[in-house]
Amino acid sequence: MMQTAIRYAIVAAWAACAMTSAGAATHADETHADETHMRAASDAREQVRRVVDAAVRPMMRENGIPGAAVGVFVDGHAYVFDYGVASKQTRQPVRDDTLFELGSVSKTFTATLASWACVEGKLTLSDPVQTYWPALAGTPFGAVTMLELGTHTSGGMPLQVPDEIGDEAALLAYLRAWQPTYTPGTERTYSNISIGMFGFATARTLGAPFSELVERRLFPALGVTQSYIVVPPAQRGRYAQGYTKGGEPMRMRGDVLSDASYGVRATAADVLRFVEVNLGVRDVEPSLRQAVVATHTGYFRTGPMTQDLIWEQYPYPVALSTLLDGNAPTMIDSQPAARIDPPLAPNDVTWINKTGSTNGFGSYVAFVPLRKIGIVILANRNFPIAARVAAAHQILTTLDTN
């Protein structure tokens, strides 16, 4: 009996030892796999960084840009790279939580909010503006459609709100007296007033201030967590100092419609999350997903590009020269617009982009749905759009090729 017990003990000890050894081997294998995965992720990040550095560092040097943040989505991964300083005075470096003024890239959030209202049945793009602001009934501006506001085809609105317009009453008086230069829907004239009113009317139908709708509803639904229209006092230390073309310190001074037309301050990581939603790789609620896709619908052809709801698109692949033509300073001026009837359904084989500028900041966003790649460039200096477009094109085409 004792020998039998001893044999059982030996067998049990051997089994326990074998199990321990197997467990140790399994743990070692898992550790090795984790280390391999981490090395691969690190290697991938460094490969992307080299591509980004090769375009961004010369762009900054040649244009005297103090600081920049660049977000890239490629191969299923999001990367953010920070460069330079948020302020030349304090020498505070650009960090992942640094806030930049987006300028007209803000308009893409306005378009998304309006499109979401359409999906929810609260707004219709074919409706005239007077539907949402009855005080404009019987005026030429009141007859302009929401679609025409959202595509810069309202009939020749000026680029900026006149300086003397400081409140809603003055804005209403100005719009009631406005006369179109062109038949609405026939010419594209880039206008902050048009897009500002697009957002203003959307907010009226949703029953809340525009900034509140964006910050408390749209941003959280998109996963945008560190961006603002009104920067809270506690977050102002994250707000980069902007610089004019001449190098003078400058931050945005808004107007009665600036919240909707150029008012967002955001991090590169937040804007990249928005790009991921547009690429269809970040989950959002179904109605918002439908709204985001709808903003990629093409409504007018103008020069080399197709005008979507704020976004602008080109067939992909696209030559740099075509992008430079479509984003040239002359595109702010009136250009013939050919209505697409029926509208061009969202198409993945496109390069979709938007530029943005304030007096002290420059931005650019572009993405290709088919290739699931996208880029965000934010800088704290107003520098030529051509330089942003060229850097983005170099980065995305290199990453897509590789």
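Residues numbered from 1 in each chain as written. Predicted model: local features only at pLDDT ≥ 70, side-chain atom pairs only at ≥ 80, totals over all residues. Heavy atoms only, no water.

Brief notes about the nonpolar core
This is how the line gets drawn: As used in this record, nonpolar core signifies buried Ala, Val, Leu, Ile, Met, Phe, Trp, Tyr and Cys residues forming a set joined through side-chain atoms within 4.5 Å. The classification of residues rests on relative accessible area computed with a 1.4 Å probe and restricted to protein chains. Under 20% of the type maximum is buried, over 50% is exposed, and intermediate values are partly exposed. Any two residues whose heavy atoms approach within 4.5 Å at even a single point are treated as in contact.
Membership of the largest hydrophobic core comes to 82 residues, with the highest contact counts inside it found for Phe141, Leu175 and Met197. Leucine 175 has contacts with Trp133, Leu136, Phe141, Met157, Ile193 and Met197, leaving out every residue within four places of it along the chain. Formed by 36 residues, the second largest nonpolar core is a distinct cluster that contains Val48, Val56, Tyr79 and Ala392.

Observations regarding the packing of helix H2 (residues 106-119) against helix H6 (residues 192-206)
Any two packed helices are characterised by the angle at which their axes cross and by the distance between the axes. Spelled out, the test is: Structural elements are reduced to axes, namely lines fitted to C-alpha atoms, with helices fitted over the stretch in contact, and the angle between N-to-C directions of any two is expressed from 0 to 180 degrees. Here a strand is any run of E in DSSP of at least two residues, a helix any run of H or I of at least four, and the numbering for each starts at the N terminus. Note on convention: the crossing is left-handed when the near helix lies turned anticlockwise from the far helix by less than a right angle, right-handed when the turn is clockwise. In this count, Pro and Cys sit with the nonpolar residues alongside Ala, Val, Leu, Ile, Met, Phe, Trp and Tyr, while Asp, Glu, Lys and Arg are called charged and the others, Gly among them, polar.
The geometry of H2 relative to H6 is characterised by a closest axis approach of 10 Å and an angle of 35 degrees between their N-to-C directions. Considering the relative orientation of H2 and H6, their crossing is left-handed. The segment H2 lies against H6, with Lys107, Thr110, Ala111, Leu113, Ala114 and Ala117 engaging Asn192, Ile195, Phe198, Gly199, Thr202 and Leu206. Here the residues of the contact of H2 with H6 sort into seven nonpolar, four polar and one charged.

Observations regarding the sheet that holds strand E15 (residues 373-379)
Test applied: Paired strands are those between which DSSP finds at least two bridges.
Read across the sheet, nine strands follow the order E2-E1-E15-E14-E13-E10-E9-E8-E12 without closing on themselves; strand pairing throughout is antiparallel. Only two strands of the sheet have a single partner each, and these edge strands are strand E2 (77-84) and strand E12 (338-344). Going across the sheet, the axis of each strand differs from the next one's by a mean of 20 degrees, ignoring polarity. The pairing of strand E13 (residues 350-357) with strand E14 (residues 362-368) spans six bridges and is classified as antiparallel. Note on E14: the bridge partner recorded for lysine 354 is valine 365. Contacts from helix H12 (residues 385-401) reach strand E1 (67-74), E13, E14 and E15, with the element oriented near 150 degrees to E15.

Topic: the pattern of salt bridges
Rules: Each salt bridge in this description consists of a side-chain nitrogen of Lys or Arg and a carboxyl oxygen of Asp or Glu lying within 4 Å of one another.
For the coordinates displayed, the defined rule picks out 11 salt bridges. Measuring nitrogen to oxygen at the nearest pair gives 3.8 Å for the salt bridge that ties glutamate 46 to arginine 49. In this pair, glutamate 46 and arginine 49 both sit in helix H1 (residues 2-63), three residues apart, roughly one turn of the helix. Relative accessible area serves as the criterion here: at 33%, glutamate 46 is assigned to the partly exposed category. For arginine 49, a relative accessible area of 24% puts it in the partly exposed group. Among the salt bridges present, the one from arginine 282 reaches glutamate 276, with a minimum N-O distance of 3.4 Å. Taking the relative accessible area as the measure of exposure, glutamate 276 reaches 8% and is therefore buried. The network of salt bridges with shared partners includes Arg95, Asp97 and Arg238.

Looking at the environment of proline 158
Locating proline 158 in the fold gives a position in the loop between helix H4 (146-150) and helix H5 (168-177). Residues proline 158 and tyrosine 190, spaced 32 residues apart in sequence, show a C-alpha to C-alpha distance of 7.9 Å. Residues within four places of proline 158 in sequence aside, it is in contact with Tyr174, Ser191, Asn192 and Ile193.

Let's talk about the confidence of the model for the protein chain
Threshold: pLDDT expresses how confident the predictor is about each individual residue, on a scale running from 0 to 100.
A residue-level look at the protein chain finds 91% of positions with pLDDT of 70 or above and a mean pLDDT of 93. The model gives residues 1-21 a pLDDT under 50, and that stretch makes zero contacts with residues more than four places away or in other chains.

Here we look at the packing of aromatic side chains
This is how the line gets drawn: Stacked, tilted and edge-to-face pairs are distinguished by plane angle, under 30 degrees for stacked and over 60 for edge-to-face with tilted covering the rest, among Phe, Tyr and Trp rings (Trp via its six-membered ring) whose centres lie within 6.5 Å.
Tallied over the entire structure, the rule returns nine aromatic pairs. Both rings, one in phenylalanine 109 and one in phenylalanine 219, keep their centres 5.3 Å apart while their planes meet at 80 degrees; by these two values the pair is edge-to-face. On the criterion of sequence distance, the pair formed by phenylalanine 109 in helix H2 and phenylalanine 219 in helix H7 (residues 210-222) is long-range, its members being 110 residues apart. Overall, phenylalanine 219 belongs to the buried group, its relative accessible area being 1%. Geometrically, the ring pair formed by tryptophan 311 and phenylalanine 367 is edge-to-face, given 5.1 Å between the ring centres and 85 degrees between the ring planes. In this pair, tryptophan 311 sits in the loop between strand E9 (305-307) and strand E10 (312-315) while phenylalanine 367 sits in strand E14, placing the two residues 56 residues apart along the sequence. A relative accessible area of 0% places phenylalanine 367 in the buried class. Pairwise contacts between aromatic rings join Phe109, Phe219, Phe274, Trp311 and Phe367 into one cluster.

Describing the pairing of E15
Across the seven residues of E15, seven count as buried, placing the element largely inside the fold. Going residue by residue along E15, you find Ile373, Ile375, Ile377 and Ala379 tucked away on one face and Gly374, Val376 and Leu378 tucked away on the opposite face as well. Strand direction decides the pairing type here: E1 and E15, joined by six bridges, are antiparallel. In the sheet register, phenylalanine 73 faces E15, and the bridge partner there is glycine 374. Where E14 meets E15, seven bridges bridge the pair, whose relative direction is antiparallel. Paired with alanine 366 across the strands is isoleucine 375, a residue of E15. Following E14, the chain reverses through four residues before pairing antiparallel with E15; lysine 372 in that reversal takes a positive phi of roughly 55 degrees.

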